[in-house]
Each structure stands twice: as structure tokens, then as C-alpha cells.
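Structural description and commentary
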Amino acid sequence: MNTSQQLLQRLELLEARQAIIDLKSRYFACCDAKDVDGFRACFADGKVDIDFAALGQFEDADALTQVYRDMACHPHMLEWHHGSNPQVQMLGPDQARAQWSLHYQLINTQENTLTQLGGEYADRYVRQADAWKISASHFKPRTCLVLRLDETAVATVYAGLAQT
């Protein structure tokens, strides 16, 4: 392989890595924006392997999307997903895996609670029709803080290891 081919191959890997980082960022943004179609578009067509701990396990992205729609897409659910520390490993031209850290915050204005959750994603990605998609995602919660909010006080409901 000549130098030009090596550079092209390295560039393609860098572009693929960045596309995966952009995909996961788009996933987080769609979650926060309550963008159901954008959320679904982040996942591969066909069978997927999703394990979101207490939220459930899914082999179909449409089923996951329905749970997301039912649970999160309400005006009183103010969410913020902050993903960080991406560790992307290319497994080939059309496959990759990555680890991510997550800091999640939910203000539920109906229940007057604040939930903060920390955890880690282990994801797999495939390229389908020239676009990267999430084919597997396992979330492991690590820490959880739930506060009850009222006009005069804040009370701790739970603080500690996340319940799985």
C-alpha cells in the first residue's frame, strides 16, 4: 500500500469516527428535544440489542421509540443528556464500538422532582446505506440522586448507587 492509499485509509477512519461521535451527539440532542423521528433515525433498521437497565431491553428500535414517546415526550419532563469521554474503536469499515459517559438530569415539573443520573454506555455501530447507526447500546447506571422540590425546601429522596 502506497503513502497516498495509507493517508486515504486513515482519513476514512477519522471521518467514520467523527460520524459516530456526531451520531451519538444527535441521539442525545433528539432525546432532549423530544424529537421522536430523529431519535428513531439514530438506530439501525432490523434487529438491535438495546439494554437500558430499568427502562427495558429491546430487539426492535420501533419498540424502544414507542417507550421513549410514552415516557419522555411530555412538556413536564425537562431532560438534559450530556455524553462525554467517547472512546471509539473502529472494528472495520462498517463496524465500530464505543464507550460513553453520561450525566443525565431530569426536572419533572409535575412531580416536583430533580433526578440526576450518571452512568456508562457501551455501544455498537454499523454503517447502513452510507450512514452510521446504533446497532447495540447497553447502559449501566452508576450513581443516582433524586430530590423533591417545593417552594420552601429541597429534600433528598434518594442518593447513592443507581438501582438497576
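You'll find the structure just up there.
To keep things clear, this report deals only with the structure shown in the data block. (Residues numbered from 1 in each chain as written. Predicted model: local features only at pLDDT ≥ 70, side-chain atom pairs only at ≥ 80, totals over all residues. Heavy atoms only, no water.)

Moving on to the overall build of the protein chain. The secondary structure content of the protein chain amounts to three helices and seven strands. When the elements of the protein chain are put in sequence order from the N terminus, they spell out α-α-β-β-α-β-β-β-β-β. The buried share among the 164 residues of the protein chain stands at 36%. Put simply, 50% of the contacts in the protein chain that link residues at least 6 apart link residues at least 24 apart. Of the roughly 9600 Å² of accessible surface on the protein chain, a fraction of 51% belongs to carbon and sulfur atoms. (Helix = DSSP H or I, 4+ residues; strand = E, 2+ residues; numbered from the N terminus. Buried < 20%, exposed > 50% of the residue type's maximum accessible area, 1.4 Å probe, protein only. Contact = heavy atoms within 4.5 Å. Areas by Shrake-Rupley, 256 points an atom, 1.4 Å probe, with all protein chains shown as cover.)

In this structure the tally under the stated criterion is 10 aromatic pairs. The interplanar angle of 55° and the centroid separation of 5.5 Å between the aromatic rings of Tyr27 and Phe28 together place this pair among those described as tilted. Given a relative accessible area of 5%, Phe28 falls into the buried group. Taking 5.8 Å as the distance between ring centres and 90° as the angle between the ring planes, the aromatic pair formed by Tyr27 and Phe43 counts as edge-to-face. Taken together, the positions of Tyr27 in helix H1 (residues 3–33) and Phe43 in the loop between helix H2 (36–41) and strand E1 (47–51) put the pair 16 residues apart, joining distant regions of the chain. We note that Tyr27, like Phe43, is buried. (Phe/Tyr/Trp six-rings, centres within 6.5 Å; stacked < 30°, edge-to-face > 60°.)

Spanning 31 residues, H1 covers 44 Å between terminal C-alpha atoms, matching the ideal 45 Å at 1.5 Å per step. Of the residues making up H1, those classed as buried are Ala16, Ile20, Ile21, Leu23, Lys24, Tyr27, Phe28, Cys30 and Cys31. Taken together, the buried residues of H1 touch H2, helix H3 (61–72), strand E3 (77–92), strand E4 (95–108), strand E5 (113–128) and strand E6 (131–149). If you check the start of H1, you find a side-chain oxygen 3.0 Å away from the backbone N of Ser4, and it comes from Asn2. Looking one or two residues beyond H1, the residue adopting positive phi is Lys34, at roughly 60°. (Expected span 1.5 Å × (residues − 1). Polar contact = N/O pair within 3.5 Å; in protein donor to acceptor, adjacent residues only side chain to side chain.)

Shape is all these values report; function is a separate question.
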